[in-house]
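The lines below spell out each chain.
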Amino acid sequence: AVYGATVTGSRVIRTGTGSLGSYVITGANTGIINFYDATTTDVNKRGNKATSTILIANFPASVAAGVYTFDAVYSTALYIDLIAGNMATGTITYR
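Residues numbered from 1 in each chain as written. Predicted model: local features only at pLDDT ≥ 70, side-chain atom pairs only at ≥ 80, totals over all residues. Heavy atoms only, no water.

Asker: How should I be thinking about the overall build of the protein in this particular structure?
Answerer: For the protein, the helix and strand inventory stands at one helix and seven strands. Going from N to C terminus, the protein has its helices and strands arranged as β-β-β-α-β-β-β-β. The C-alpha radius of gyration of the protein comes to 13 Å, within 12% of the 12 Å expected for a compact globule of 95 residues. With the principal axes as the frame, the protein shows a C-alpha extent of 35 × 25 × 25 Å. Here the protein, with 95 residues, has 34% of them falling under the buried criterion. Taking the intrachain contacts of the protein between residues at least 6 apart in sequence as the baseline, contacts between residues at least 24 apart amount to 84%. (Helix = DSSP H or I, 4+ residues; strand = E, 2+ residues; numbered from the N terminus. Rg over C-alpha atoms; globule rule 2.2 N^0.38 Å. Buried < 20%, exposed > 50% of the residue type's maximum accessible area, 1.4 Å probe, protein only. Contact = heavy atoms within 4.5 Å.)

Asker: Teacher, can you tell me more about the confidence of the model for the protein here?
Answerer: Low pLDDT means the predicted coordinates in that region are not meant to be read closely. Looking at the protein as a whole, its pLDDT mean stands at 89, while 92% of the residues score no less than 70. Within the protein, the element-level pLDDT minimum falls on helix H1 (residues 51-54), averaging 88, and the maximum on strand S4 (residues 55-59), averaging 96. (pLDDT = per-residue confidence, 0-100.)

Asker: Can you walk me through the nonpolar core in this structure?
Answerer: Soluble globular proteins: nonpolar side chains tend toward being buried together. Of all hydrophobic cores here, the largest spans 15 residues; its most connected members are Tyr23, Ile33, Phe35 and Phe59. Counting residues per element, the ones that place at least two in this core are strand S2 (18-27), strand S3 (32-37), S4 and strand S6 (77-84). Not counting chain neighbours up to four residues away, the residues in contact with Phe59 comprise Tyr23, Ile25, Gly31, Ile32, Ile33, Asn34, Phe35, Tyr68 and Phe70. (Core = buried A, V, L, I, M, F, W, Y, C linked by side-chain atoms within 4.5 Å.)

Asker: Sorry if this is basic, but what is going on with the sheet that holds strand S1 (residues 11-15) here?
Answerer: By way of backbone hydrogen bonds, the strands of a sheet pair with one another, either parallel or antiparallel. On the basis of which strands lie adjacent, the open sheet formed by four strands has the order S1-S6-S3-S4 and antiparallel pairing. Edge positions in the sheet fall to S1 and S4, since each has one partner strand and no second. Averaged over neighbouring strand pairs, the angle between their axes works out to 15° when direction is ignored. Bridge count between S1 and S6: four bridges; the pairing is antiparallel. For Arg14, the partnering residue across the bridge sits in S6 and is Leu78. (Pairing = 2+ DSSP bridges. Axes fitted to C-alpha atoms, helices over the stretch in contact; angles between N-to-C directions.)

Asker: What exactly am I supposed to notice about the side chain of Asp81 here?
Answerer: By secondary structure assignment, the location of Asp81 is in strand S6. In this structure Asp81 is buried but unpaired, with Arg46 as the nearest side chain of opposite charge at 8.0 Å. A polar contact is formed between the side chain of Asp81 and the side chain of Ser10, at a distance of 2.6 Å. The residues touching Asp81, leaving out its near neighbours within four places in the chain, are Ser10, Ile32, Ile33, Asn34, Tyr36 and Thr41. (Lys, Arg positive; Asp, Glu negative; His and termini not counted. Salt bridge = Lys/Arg side-chain N within 4 Å of Asp/Glu carboxyl O. Polar contact = N/O pair within 3.5 Å; in protein donor to acceptor, adjacent residues only side chain to side chain.)

Pasting the structure below:
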């Protein structure tokens with residue numbers, strides 16, 4: 001379920017090394033969204049790595065529609081975490 005997949009909650013998008021290319025938001029919503037270099041948000045399950053050291057990007061609620069480019073490298077996995085609210089409509093690019 002990669003092409004045309006729908007992410008409505010927190011989950012691993014891709015495991016292994018890669019890079020978060022961009023987050024293209026086409027419809028704002030109430031969700032607070034974080035991208036992490038991890039497979040989980042549970043600090044005890046990820047070797048006690050501090051959350052601040054694995055945070056790639058943070059989007060506040062009702063962020064404006066637009067293209068947010070990162071080209072940020074991750075080494076463990078690309079994890080999207082919906083903290084609260086509803087996910088914005090958009091596209092996540094990675095490689």
